[in-house]
Amino acid sequence: MTNLPKSNRRQFLKAGALLGTGLVISFVVPARITKFGESAEPDPVASFAPNAYLSIGSDGGINVLLSHVEMGQGIWTTLTMLIADELDADWKNIHVHHAPPGQPYMHTLYGLQITGGSSSTWSEFDRYRQAGATARMLLIAAGAKKFGVDPATCKTENGMVISGEQKASYGDLATLAASLPAPAKVELRPASDWKYIGKGLKRLDAPAKVNGTAKFGMDMQFPGMLTAVVAHSPVMGGTVKSFDATAAKAVPGVKAVVQIPTGVAVLADHFWAAKKGKAALKITWDAGANASFNSVTQMEKYRALAATKGLPALNKGNVESALSQGGKVIEASYDFPYLAHAPMEPMNCTVKLGADKCEIWTGTQLPGIDQAVAAKILGFKPEQVSIDTVFLGGGFGRRATPTSDFVAEAVHIAKASGKFIKMVWTREDDMQGGYYRAAFHHKLKIGVDNNGYPTAWNHSIVGQSIFEGTFLSMLVQNGIDSSSVEGIADSPYMTEVKDAYVGLHTTKLPISVLWYRSVGHTHTAFVMETIIDQLATEAGKDPLEFRRTLLKSHPRHLAALNLAAEKAGWGKALPAGHFHGIAVHESFLSFVGQVVEVSVTNGRVNVHKVTCAIDCGLAVNPDGVKAQMESGIIFGITMALYGEINFKDGKVQQTNFHNYPILRMNESPEIDVHIVASTEKMGGAGECGVPPTAPAIANAVFAATGKRIRKPPFASIT
Amino acid sequence: MVYKLKVNKKDYSVDATPDMPLLWVLRDLLGLTGTKFGCGMAQCGACTVHLEGEAVRSCVTLIARAAGKEVTTIEGLSPDSKHPLQVAWLEEDTPQCGYCQSGQIMAAAVLLRENADPTDEDIDHAMSGNICRCGTYPRIRKAIHLAAKLQKQGGTK
Amino acid sequence: MKMIKQLRSKKAIYLAGIILVTSSYTLISEEPIPQGKTYSASEKAASQKAFLAVYDVLMSPRCMNCHPKGDVPLQGDDSHLHTQGVIRGSDGHGVYAMKCTNCHQPKNTPGLNMPPGNPKWHLPPADMKMVFEGKTPRELAAQLKDPEQNGHKTMAEIVDHISHDELVLGGWNPGDGRKKPPLTHPQFEKEFRDWVKNGAVLPEK
């Protein structure tokens, strides 16, 4: 990373208007991207910033500013590719940065600055290309002016503008280009001219991630900064009644102990002293209303609730009458536990609070919300709060909380203590500190025709809403949180079902729940793909053929399903004791089919191989798409075999990786990913690999054992 | 208490309590933040460094054990980021979020030193102490095989 | 290490040869196996009874977890397979990046579920696995007496091992939250010596 000069501010302001992204109101100069501990910035290099997404210095350095953040999914590389394909830049001069909070970086669809919903590539596909194309046109205009030629005679190549024998580098033209008026119309290159799009590029963030130089929130270090460790209530939502910090303050290195709304923070010279200080605190907690919350008894209540009629998410025909005609009816019910995101980097946030400004460094998927939340706590205007987003050590949704919980907590510590602090959560804080994939219960009654195909479908879903009361509350309509029913109410399997009712009971519980990689599809795909599998086997039909019949009017599902089945050799002989299971699911505008090869030995489920096919439309960075499929599949296996958070007396029972296991290398299967050649609408890649994995494994387990899985996780089959 | 440490061939002396884990000495006292904190209980391997060449979990290895011995962190694995593993890691586009990768590479380095041509099973035996939540295991596996080839081509390192 | 030869006063017969001990500071009182001595029925019964008490200790997680039937050590009070897929390795010290002492420190790491520690933390080597897991009392007793299966130890060396070995003693300092063996170490040592003293008789089953 290089330093982005302060002088860019004016250029960026101009840029916002230029691209029609609206007037830039609250705009903070992009991150002082300095070496940690340095406060001075280098001399600004005169630069050309045709828009908010890139600037070119007179030294030829090209800074790309990302509206979306890098948390492993590869957007650091993909958005840069989009610019580069239009700009003809020289790769070695490109430097990538996360953008600060600001109007130009709002999601093109969601209206706020967010990395989520597997939407970064498709939503930025035009905007980032346009940013590159605008810059290129201005550089050509500058070159033409400098050479005294018609712009039409100029071409660009590897960071140079060339006309006949004359050539000039982008750096040399930057100052001149900055003085030229914006082009009235920007034309994007045809696909035939793409050099990177659809072909790919090695990850631009990888070099820093193999030698320890990549900086994550956890790595922020500044002179005078203290590390803060927080004692949180063991019961979710509990508060401090009283505390005695005498022993904590006696720990060498401990500098201060402060109470904050969420607990007691110990501030010390370093983490270890702070952690010892935390252990020495004597706190009396007021457990509050959740002291009796128990996830097992809660699920019993969910089951009772599921027997009653919920609010309609889908209602066609008359399902009750259809199911009482005396035909064959298949019934099933499913329980899904709470899940923790458990990114490798525990939550953390660094805050430097001054009299009239607040600087924040953290890895976040929601910088704009974090800025607003911090400002509100401090009584500041948002523009008085800067957010430097560094690399995220995994996100999976956890670093996008509507309450900005970890940022808010750090800001409270800074405010209460008056110190420059880095708040660091332990793994236990992270595992027990709230925000989970909600627990769900599903109850189904399906009527089938003489051939075993579904004709009537009564489906009851019970669980908490993640959108209600958040900035995404518009996604709750008529009492239906769309994420609770996605993948069911809109399932392609419902197309031919004449009588259907999908009812939702949204429960209100004190447990904070949140989107989780692939959101509602984490459970809905499991239900749909295992029950369809059951319908197939009960009808005596091959699960693949059965799906093909039901999905006949859904070509993209079929394409993914068929490619996965073909590459896996569906129906062909497997090693003794190995069984195939299959699933296909649409999520985040992409279609993914998977075939898994599983064995069950001594009741233990082993996943040997996963064959995956995805139709995401144009795959901008094909190897990046494959990497996301691998990633999603392994995430899905962890969820299937191990994922479970339980509450007892209001306390999360899991604490660390020994009792919340994550799949390891020795359990990691061979993964074979294929991309459907597709010119259909672009979809996402970061999440859609997850949903089919668990049901495909469960279907293979059925093939192996004759047992239907209704209650993940299922590492052991008893 | 003052301890003498040798980290990445450089001598340091640090003032710390004897119960301070090497991880926090490296990160918070020496500023070597390439070594990561993931679990604090030797479950995840993100904090893996070499102590006298062995892939210890620095979150549970106390400074008292490391004192006077050779410590190597990701920052010191190679002078130019050209260790066969680092080269192979880039070639296979291995990292995703990247947080666990320092530990992964330090663990793999011991494997490659002791076994120039590891099988998939050897890789399982060496690498299953390092968790990657992004699921980069298939690429780590490929990268280790590639690094073994590169190491052979480049002679023993 | 130092070789010590010591005579016992009560019994007239002693072990020929030398006895290996782990600490030069410890004077040991070995329990020689009487050659050719015949034991009374009550002595035999006492021996068998003593071994059953010994067996309960040896099969407790603190002892058995590092004497597994496979190459993966066991873990925890429920003796589950060690997570991380840790394996024995030829010398019993683990392999590659997963050697025992990469996580297991010279002392217990404080806290629940933290790695227990011991300066000698390891498993028996691959060529002498000394499996406890799955063994009946009779099988385990036979194994302990057989130098081909017990680490080429004489009975006296075995007695010394269970009496003084740092790693054996570590079983009674298992780290926070772990159950200790069902007997105290002195009780265990006494039962073991009683087993040997009364003829090291194999239990019936």
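Residues numbered from 1 in each chain as written. Chains lettered and ligands numbered in written order. Predicted model: local features only at pLDDT ≥ 70, side-chain atom pairs only at ≥ 80, totals over all residues. Heavy atoms only, no water.

**Quick word on the nonpolar core**
Soluble, globular proteins show a tendency: their nonpolar side chains are buried together.
Step number 1: If you look at the biggest cluster of nonpolar residues, it comprises 289 residues, and the most contacted ones within it are Tyr-338, Ile-360, Ile-413, Trp-457, Ile-697 and Phe-714 of chain A together with Ile-144 of chain B.
Step number 2: By residue number, the principal contributor to this core is helix 3 (residues 120-147) of chain A, which donates ten residues.
Step number 3: Core analysis: the next-biggest nonpolar cluster, separate from the first, contains 27 residues, Ala-50, Leu-74, Met-155 and Leu-183 of chain C among them. (Core = buried A, V, L, I, M, F, W, Y, C linked by side-chain atoms within 4.5 Å. Buried < 20%, exposed > 50% of the residue type's maximum accessible area, 1.4 Å probe, protein only. Helix = DSSP H or I, 4+ residues; strand = E, 2+ residues; numbered from the N terminus.)

**Side note on the environment of Val-71 of chain B**
Residue and element names in this part refer to chain B.
Step number 1: For Val-71, the position within the fold is in strand 5 (residues 70-72).
Step number 2: Residue classification places Val-71 among the buried residues on the basis of a relative accessible area of 0%.
Step number 3: With 64 residues separating them in the primary sequence, Val-71 and Gly-135 have C-alpha atoms 28 Å apart.
Step number 4: Other than its neighbours up to four places away in sequence, Val-71 contacts Lys-6, Val-7, Asn-8, Leu-22, Leu-26, Val-49, His-50, Leu-51 and Ala-66. (Contact = heavy atoms within 4.5 Å.)

**Let's talk about the sheet that holds strand 10 (residues 254-260) of chain A**
Residues and elements named next belong to chain A.
Step number 1: On the basis of which strands lie adjacent, the open sheet formed by seven strands has the order 10-11-8-18-15-16-17 and mixed pairing. Bordering the open sheet on either side are strand 10 and strand 17 (385-389), each of which pairs with just one other strand. The average undirected angle you get between the axes of adjacent strands in this sheet is 25 degrees.
Step number 2: Pairing of strand 10 with strand 11 (residues 263-268) involves six bridges; the strand directions are antiparallel. Pairing of Ile-260 across the sheet is with Gly-263, part of strand 11.
Step number 3: On the sheet, helix 7 (residues 271-280) packs against strand 8 (226-232), strand 10, strand 11 and strand 18 (421-424) and is oriented at approximately 25 degrees with respect to strand 8. (Pairing = 2+ DSSP bridges. Axes fitted to C-alpha atoms, helices over the stretch in contact; angles between N-to-C directions.)

**Section: the pairing of strand 6 (residues 160-163) of chain A**
Residue and element names in this part refer to chain A.
Step number 1: In terms of strand pairing, strand 5 (residues 155-157) meets strand 6 through three bridges, oriented antiparallel. Counterpart to Thr-156 in the pairing with strand 6 is Val-161.
Step number 2: Following strand 5, the chain reverses through two residues before pairing antiparallel with strand 6; Asn-158 in that reversal takes a positive phi of roughly 45 degrees.
Step number 3: As defined by bridge partners, strand 6 adjoins strand 7 (residues 166-169) across four bridges and the pair is classed as antiparallel. Each bridged residue has a counterpart across the sheet, and for Met-160 the counterpart in strand 7 is Ser-169.
Step number 4: Adjacent in sequence and paired antiparallel, strand 6 and strand 7 are bridged by two residues, among which Gly-164 carries a positive phi angle near 55 degrees.

**A closer look at helix 14 (residues 521-538) of chain A**
All names here are of chain A.
Step number 1: The end-to-end C-alpha separation of helix 14 is 25 Å, in line with the 26 Å expected for 18 residues at 1.5 Å each.
Step number 2: In terms of residue burial, helix 14 counts as a mostly covered element, since 16 of its 18 residues are buried.
Step number 3: Of the residues one or two after helix 14, Gly-540 is the one with positive phi, at around 70 degrees. (Expected span 1.5 Å × (residues − 1).)

**Brief notes about the domain arrangement of chain A**
Residues and elements named next belong to chain A.
Step number 1: Assigned domains within chain A: domain 1 (8-209), domain 2 (217-288 + 347-424) and domain 3 (295-338 + 436-705).
Step number 2: Both faces considered, domain 1 and domain 2 share a buried interface measuring about 1,800 Å² in area, 65% of it formed by carbon and sulfur atoms.
Step number 3: Connecting domain 1 to domain 2 are zero salt bridges.
Step number 4: Remark: the boundary between domain 1 and domain 2 carries three residue pairs in polar contact (both at pLDDT 80 or more). (Domains from an automatic or database assignment. Buried area = accessible area lost by both parts, 1.4 Å probe. Salt bridge = Lys/Arg side-chain N within 4 Å of Asp/Glu carboxyl O. Polar contact = N/O pair within 3.5 Å; in protein donor to acceptor, adjacent residues only side chain to side chain.)

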